[in-house]
Each structure stands twice: as structure tokens, then as C-alpha cells.
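Single-letter residue listing:
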Amino acid sequence: MKKTAVVTAGTGGIGLETALGLAVAGFAVTVIGRDAGRGAKAVERINATGPVHPARFQSADLASLDQVRALASGIAADHAASGEPLTVLVNNVGAMFTERQTRNGVEASFVVNHLSPYLLTELLLPTLTAGAPSRIVNVTSGAVAVAKRVFDAVEPPGGYYGFHWYGRAKLANLAYTLDLAARLDGTGVSVFAADPGGAATDMTNGTMADPKIVSPALRLLWPLVRRTFERSTSGPASAAARPSLMAATDDTLTGRTGIVIGAQAHPVAPHRAAADPRVAEAVRRLSERHAPLALT
């Protein structure tokens, strides 16, 4: 049976390398991104490898929840019409901001790093369940370690520090990932988190140069922290894609779920806060409030 995969933010960096690996593994890959030009180049690069199935590009701005809904509707309709299963969904999208921004009145980092993949996943669950055995892979980050663990509201108290807020959104998504895995256990849909470690990508290049993205306490140690981070993000995106590819394709994970694949492409223990049911419940309430599955 034909294997299909959707990779968000798949037109460059880790997402493109993930799409390339999936195509080599025999998947018919659809890459999602905002820019049609980058999408065409990504498809050209994937197809140049001579895949079994040609790649496709689908345009969507994943910072817009309205566009996420439209994207999910289109993907579901395509699979229903073709009768082909949706085998793998890789939520690779991510963004870090040096200054506070909003999308439809909601803080942008939380939208892009959590609400967007949450909404796309939830809306595609019927399609993924119909295509089971299938897998969901949510890309996480080591930045969860610097996150505030308060989810009473989208925005935590205090000043805006992009790196910490990025980590908090990724923590929300990791808690959601583990909670979703428990919820879907036994359905044939396996759920994994993949930590790419560090790579030089569009998101990291230049962003970490601004010390305002971290709290004043950490800013005192910024020269050392920045050098350490830059060393960790100097590797190729192809290496950083290995955890996602393992989560999406490795036969040893068949029938398993709720596993975090670490930067060395082997299972690791999840961050303790992400496994806290109180955090999961708070994230669930917040997600349902700001990204409702049904519009009224």
C-alpha cells in the first residue's frame, strides 16, 4: 500500500531534510510552507533523488489558524477522494521571535509552536485513524528546560523573552504530545516527539545574536551561553532530521507510542514537566480555548 507523509515547514532546513529522508524511504511526501518559490525548489530537490512517488507542495501560513483549518480540510478531502492512507504527519514548524508579536490577537510563538500543530493534528485525527497504522511526529526542543510552567493563559507573567517563550510553547506541545499518545493508545495511531538537538537553520541564524531574547538573569552569562548554543547549532540540518526520521519510520517503534526520540536518534526520558498530568490538563484547556476544533 502507498505510504504518504505530510511535513510542515518542509521547504528548508530540518523539515526539508526530513522530507528528503521520507521520500528515500518510499513515502509520497507533501511539504507545507508559506512560500511557493521555496516550495517549488524543495519539490525539485526531492524529486531529483528519484523517489518512488513524486513530492508535492501545498501552501499554507501555519501562523494563521484559519489557514491551518483550510489546510487540514484540504488534506482530509484529498485522502478521502484518493482512498490513500495518511501514514505520517510530521509537525516540524517552529519559530522564535526577538520581539513580542501576535497572530489574531494571540502571542505568535505560542500560535506557531503549539496551537498550529495542535489544531492540524486534531483536525487530521480521523484521517490518520482511517489510515492506521500511522504516526504523528511532533518536533520538540531542549528549550523546554528554560520554560515557565504556568499555563493559565497564553502569555505568562513578566517581560517578553523570546527564547523562554519559545521553550514554553514547545513545552506545551510536548505535554500535548504525551497526553495525545495516551489518548490514542490502541487506535493504531502512534505519537512521538523528536528533539533535533541543534542545527544551523533560518530560525537560529541571527536570532540568538540578540541578548534580549533571554531573561536578564541569563543575560549576565550571555557570552558563554551564546557560544555554547552556537556550537550546538552549527551542525547540518540533515543530522538534526535523524530523530524525526527515526520516529516516522523505524520498525523498532512499531506498536509503541508516547516516546521522545532524542538528538542522538534514540529514545530518551521526557522532560519531567511535560509528563505532569496537571500541566497536560492546563495545556488542554488553553488549547481548546484558543484553537477550537469547531468554529461557532
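Computed from a predicted structure; not experimentally measured.

Student: Give me the lowdown on the overall build of the protein chain, citing residues and values where you can.
Tutor: Scanning the protein chain from N- to C-terminus turns up 10 helices and 10 strands. By the burial criterion, 53% of the 296 residues in the protein chain qualify as buried. Taking contacts inside the protein chain between residues at least 6 apart in sequence as the whole, the part at least 24 apart equals 73%. Accessible surface, the protein chain as shown: approximately 12700 Å² in total, 55% of it carbon and sulfur.

Student: Mind laying out the environment of Arg103, listing which residues take part and the relevant values?
Tutor: Along the chain, the position of Arg103 falls in strand β5 (residues 102–103). For Arg103, a relative accessible area of 27% translates into the label partly exposed. The spatial distance from the C-alpha of Arg103 to the C-alpha of Leu65 is 8.7 Å, given a sequence separation of 38 residues. Setting aside its immediate chain neighbours within four residues, Arg103 contacts Ala63, Phe97, Ala108 and Val111.

Student: With reference to specific residues and values, describe the pairing of strand β1 (residues 3–8).
Tutor: The buried fraction of β1 amounts to 5 of the 6 residues, a majority that puts the element mostly inside the structure. Pairing of β1 with strand β2 (residues 27–33) involves 6 bridges; the strand directions are parallel. Residue pairing for β2: Thr4 is matched across the bridge by Ala28. Viewed along the sheet, the connection from β1 through helix α1 (residues 13–24) into β2 turns out right-handed.

Student: Please set out unusual backbone geometry residue by residue, giving values where relevant.
Tutor: Residue Pro133 follows Ala132 across a cis peptide bond; omega there is 5°. Tracing the sequence through the fold places Pro133 in the loop between α4 (108–130) and β7 (134–139). One non-glycine residue, Ala9, adopts positive backbone phi at about 50°. By the secondary structure assignment, Ala9 is in the loop between β1 and α1. Even without being glycine, Asn104 reaches a positive phi, approximately 55°. Given a relative accessible area of 66%, Asn104 falls into the exposed group.

Student: Please give an account of the nonpolar core that cites residues and values.
Tutor: If you look at the biggest cluster of nonpolar residues, it comprises 55 residues, and the most contacted ones within it are Phe110, Leu124, Ile136 and Phe151. At the level of elements, α3 (65–82), α4, α5 (162–184), β8 (189–194) and α10 (277–290) are the ones that each hand at least two residues to this core. When neighbours within four sequence positions are excluded, Phe151 is seen to be in contact with Phe110, Arg168, Leu171, Ala172, Val279, Ala282, Val283 and Leu286.

Student: Can you break down the sheet that holds β7 residue by residue, with the values?
Tutor: Spatial strand order, β3-β2-β1-β4-β7-β8-β9-β10: 8 strands in an open sheet with mixed pairing. Of all strands in the sheet, those with a lone pairing partner are β3 (56–59) and β10 (267–268), marking the two edges. Bridge analysis of β7 against β8 gives 6 bridges, and the strand direction is parallel. When the bridges of β8 are listed, Arg135 appears paired with Ser190. On top of the sheet, α1 reaches β1, β2 and β4 (88–91); it is set at about 165° to β2, its chief contact.

Student: Quick rundown of α5? Include the residues and the values.
Tutor: Along an α-helix, a turn takes 3.6 residues, which lines up residues three or four apart on a common side. When the terminal C-alpha atoms of α5 are compared, their 32 Å separation across 23 residues agrees well with the 33 Å that a helix rising 1.5 Å per residue should span. Counting buried positions along α5 yields 20 of 23 residues, so the element is predominantly enclosed. Where α5 ends, the next residue or the one after it, Gly186, has phi of about 95°, a positive value.

Student: Describe in detail the pairing of β8, supporting the description with residues and values.
Tutor: With 6 of 6 residues buried, β8 is to be regarded as a mostly interior element. Sheet analysis places β8 next to strand β9 (residues 259–261), joined by 3 bridges and oriented parallel. Opposite Phe192, over in β9, you have Ile259 as the bridge partner.

Student: Describe the packing of α5 against α10, listing the residues and the values that go with them.
Tutor: Running from N to C, α5 and α10 cross one another at 105°; their axes reach a closest spacing of 9 Å. By the angle class used here, α5 and α10 are roughly perpendicular. Contacts between α5 and α10 pair Ala172, Ala175, Tyr176 and Asp179 from the former with Val279, Ala280, Val283 and Arg284 from the latter.

Student: Tell me what's going on with the pattern of salt bridges, and back it up with residues and numbers.
Tutor: For the structure shown, the criterion picks out 10 salt bridges. Between Lys2 and Glu84 there is a salt bridge whose closest N-O contact spans 3.2 Å. With Lys2 in the segment before β1 and Glu84 in the loop between α3 and β4, the pair connects residues that are 82 residues apart, well separated along the chain. Overall, the relative accessible area of 28% leaves Glu84 in the partly exposed class. Two residues, Arg278 and Asp276, come together in a salt bridge whose shortest N-O distance is 2.9 Å. Because the salt bridges share partners, they merge into one network encompassing Asp179, Glu281, Arg284 and Arg285.

About the thresholds
- Residues numbered from 1 in each chain as written.
- Predicted model: local features only at pLDDT ≥ 70, side-chain atom pairs only at ≥ 80, totals over all residues.
- Heavy atoms only, no water.
- Helix = DSSP H or I, 4+ residues; strand = E, 2+ residues; numbered from the N terminus.
- Buried < 20%, exposed > 50% of the residue type's maximum accessible area, 1.4 Å probe, protein only.
- Contact = heavy atoms within 4.5 Å.
- Areas by Shrake-Rupley, 256 points an atom, 1.4 Å probe, with all protein chains shown as cover.
- Pairing = 2+ DSSP bridges.
- Right-handed = clockwise from strand over helix to strand, strands pointing away.
- Core = buried A, V, L, I, M, F, W, Y, C linked by side-chain atoms within 4.5 Å.
- Axes fitted to C-alpha atoms, helices over the stretch in contact; angles between N-to-C directions.
- Expected span 1.5 Å × (residues − 1).
- Parallel < 35°, antiparallel > 145°, perpendicular 65-115°, else oblique.
- Salt bridge = Lys/Arg side-chain N within 4 Å of Asp/Glu carboxyl O.

Any functional reading would require information beyond the geometric quantities listed.
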